[in-house]
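Working through the structure, step by step
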Amino acid sequence: MAHNRGHPAVIDFFVQHAPALAIALPLLGAFATPLVSKLGGKARDAWVLLILVLTGAIVALLAGDVLSTGAPRAYAVGATLPSITTQGGLPIRIIIEADAMSVFMAITAMTIALLAFIYSLRFLQKHKGLDKFYTLFLLMTAGMLGMMLTGDIFSLFVFFEMLSISSAGLIAFYLNRGEPAEAAFKYMVVSAIAGLFILFAAGILYSQYNILNMAGLASAMSFSQLDKIALVLLVAALALKCGAVPMHMWAIDAYGEAPAAISAFLVVASQTSLYALFRVCFSLFGATAT
Amino acid sequence: MSALPFIAVALMVAIGIYAAVMKRNLVKIVLGVNIIGSAANLFLVAAGYREGAVAPIFTAAPQLQMVLPTPQALTLTSIVINLAVTAMMLSFAILIHKNYGSADSQKRRLLE
C-alpha cells in the first residue's frame, strides 16, 4: 500500500510539515473561536468542526507517512530546513518527534475529540457560554497533541500545563452548582504540583547534561544519583496525573462532575500522561527487559 | 556557602507541600502551590549560576564568562505558567465560596 510516490506537491507540503501543523491548527482555531462565535452558534460549530476535521486529516497523513516508512521522524520547529536537527553531534532547536507509538496515540486522541465534539453539539445545546467551552476544548486538543508529539522534556512540561489548565476549566463548566468547582479545584491543585515536579526533573537533567532533548538525554544518560532522583520525580508526577492508585482521589470527583463529553475526553488526557510515562521510562532512561 | 540557594529550594518545597496538604483554607492551599512554583524558579536560576560570572548580555560585557542563559528562559516560561495556574485556582476558590458559603475545605454545607 505504498502510494506516497504519486502524491501531488501540495500533499507533500502537508506531509513534510505535518508534525508542526497538527499542534498549530487547534491552537489557531482555539484563539479564533471567540471571534467566530460572534457570528452566531452555527458559525462557531462549523468552525470547530472544520478545525477538528483538518487536524484529524493532518494526523492521518502523518500516521500514514510514519507507519509506511517505519522510521521515527524528527522535525525542528520553525526552521527553513526542518529535517536538520543536529549540529556537530549536539541536538539543536526544539524538536518534534513522531514515531509509531506517538501517531497511534494521536489517532486515538483525534478520534475521541471528534466524537466528543459531535456528542457535545446536542448534549450542551441549551447552555450558554459555549464559545468558551469550545475554546477550552480546542486548547485541550492542542495540549494533548503537543504532549504526544514532543521530543523535548521542557515542551512536555509546557504542554502538560496547557492540558491541565484547559481541562480544569472544562470540568468546572456547570457554574450553578458547587460540586464541579470543587472537583476542578482538586484537579487543578494536583495537576499544578505534578507539573512543578516535572519542571524540577527537567532542571535536574538539564543542569547535568546541558541538553533538553529526549533523544540527546537518552544517549548522554549515565544513571547517576541525581538521575535517579529525576526519574522518581517524573514517575511521581506522571502517575499523579494518570490517577494511579495512591493519588487517585481527584479522579472520582473530576470524572463525575464534568459534562459527559468532557469525561470521555478526560480519559484521553489521563492516557496521554501514561504515554508520557512510557516515553520517560523507555526512551529517556532506556529501560530494557534485562 | 555555595549550596545555600539549593537548601532554600528544599525548604521552600517542604513548606509549600505542607501548606498544600495540611491547610484547610482554600487560599492557603493556593499559596502553598505558589510557593512550590517559586521554589522551582529559584532552582532553575540557581542551577545556571557560575562563580565569578556576569549576566549573559553581550553588549559592553565586562568579561566573556557568563552565567547560563537557557535556565533563565525556562524560568520565564515557568513564571507565566504559574501565573495562569494561580489565576485558575483562585477563580475556582471564588466559585466554591459563592456556592458553599465558606472557603473552608471541610465545610460541606450548601446555601439554600
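Here, every reference points to the structure presented above.
These lines cover the structure that appears in this document, whether it is placed above or below. Remember, predicted model here, so these are calculated numbers, not experimental data.

A short note on the interface of chain B and chain A
- Taken together, the 35 residues of chain B in the interface contact 30 residues of chain A.
- For the pair chain B and chain A, the two sides together bury roughly 2,700 Å², of which 84% comes from carbon and sulfur.
- At the junction of chain B with chain A, the criterion picks out 0 salt bridges.
- Here chain B is connected to chain A by 3 residue pairs in polar contact (both at pLDDT 80 or more).
- Secondary structure elements with two or more residues in the side of chain B that touches chain A: α1 (4-22), α2 (26-47) and α3 (70-100) of chain B.
- The element contributing the most residues to the side of chain B that touches chain A is α3 of chain B, with 17 residues.
- Per-class residue counts for the side of chain B that touches chain A are 28 nonpolar, 6 polar and 1 charged.

Section: the pattern of salt bridges
Residue and element names in this part refer to chain A.
- Scanning all chains against the criterion turns up 9 salt bridges over all chains.
- Residue E179 is joined to R177 by a salt bridge in which the shortest nitrogen-to-oxygen separation is 3.4 Å.
- Given the relative accessible area of 36%, R177 is considered partly exposed.
- Here D253 makes a salt bridge to K186, at a shortest N to O gap of 2.5 Å. Residue D253 is located in helix α10 (residues 249-257), and its partner K186 is located in helix α7 (residues 179-209); the two are separated by 67 residues in the primary sequence.
- The class for D253 is partly exposed, based on a relative accessible area of 26%.
- Residue K186 is classed as partly exposed on the basis of its relative accessible area, which comes to 30%.

Some thoughts on helix α9 (residues 225-242) of chain A
Residue and element names in this part refer to chain A.
- Taking 1.5 Å as the rise per residue, α9 with 18 residues should run 26 Å; its terminal C-alpha atoms sit 26 Å apart, in good agreement.
- Of the residues making up α9, those classed as buried are D227, A230, L231, L233, L234, A237, L238, A239, L240, K241 and C242.
- The inward-facing, buried residues of α9 contact α6 (153-171), α7, α10 and α11 (260-284).
- Once α9 finishes, G243 follows within two positions and takes phi at roughly 85°, a positive value.

Topic: the packing of aromatic side chains
Residue and element names in this part refer to chain A.
- Under the definition given, this model contains 15 aromatic pairs over all chains.
- On the numbers, 5.5 Å between centres and 65° between planes, the contact of F117 with Y134 is edge-to-face. Of the two residues, F117 is situated in helix α4 (residues 100-123) and Y134 in helix α5 (residues 130-149); the sequence distance between them amounts to 17 residues.
- What makes F117 buried here is its relative accessible area of 0%.
- With a relative accessible area of 1%, Y134 lands in the buried category.

Notes on the nonpolar core
- In terms of nonpolar packing, the biggest core is built from 122 residues, with M144, F185, F200 and L284 of chain A together with F92 of chain B touching the most fellow members.
- By residue number, the principal contributor to this core is α7 of chain A, which donates 21 residues.

Thresholds applied
Counting restarts for each chain, with residues numbered from 1 along the sequence as it is written. By the order in which they are written, chains take letters starting at A while ligands take numbers starting at 1. Per-residue local features of the predicted model are confined to residues with pLDDT of at least 70, and side-chain atom pairs are confined, for both listing and counting, to 80 or more; whole-chain, interface and lining totals are unaffected and use all residues. Excluding hydrogens and water, the side-chain values take into account all heavy atoms of the structure. The contact rule is simple, with two residues in contact once any of their heavy atoms fall within 4.5 Å. We define buried area as the total accessible area lost by two parts upon association, computed with a 1.4 Å probe and summed across both. A carboxyl oxygen of Asp or Glu within 4 Å of a side-chain nitrogen of Lys or Arg is what we treat as a salt bridge. Pairs of N or O atoms are called polar contacts if they sit within 3.5 Å, as long as, within protein, a hydrogen donor faces a hydrogen acceptor (for residues adjacent in sequence, only side-chain-to-side-chain pairs). The helix count covers DSSP runs of H or I at least four residues long, the strand count covers runs of E at least two residues long, and both are numbered beginning at the N terminus. Following the grouping adopted for this structure description, the nonpolar residues are Ala, Val, Leu, Ile, Met, Phe, Trp, Tyr, Cys and Pro, the charged ones are Asp, Glu, Lys and Arg, and the polar ones are all others, Gly among them. Think of it in three bands: residues with accessible area under 20% of the maximum for their type are buried, residues over 50% are exposed, and the middle band is partly exposed, with areas taken using a 1.4 Å probe on protein chains only. In a helix, the anticipated span is given by 1.5 Å times the number of residues less one. Geometry of aromatic contacts follows a simple scheme: Phe, Tyr and Trp rings, the Trp one being its six-membered ring, pair when their centres are within 6.5 Å, and the pair is stacked under 30 degrees between planes, edge-to-face over 60, tilted otherwise. For our purposes a nonpolar core is just a set of buried Ala, Val, Leu, Ile, Met, Phe, Trp, Tyr and Cys residues, chained together by side-chain atoms within 4.5 Å.

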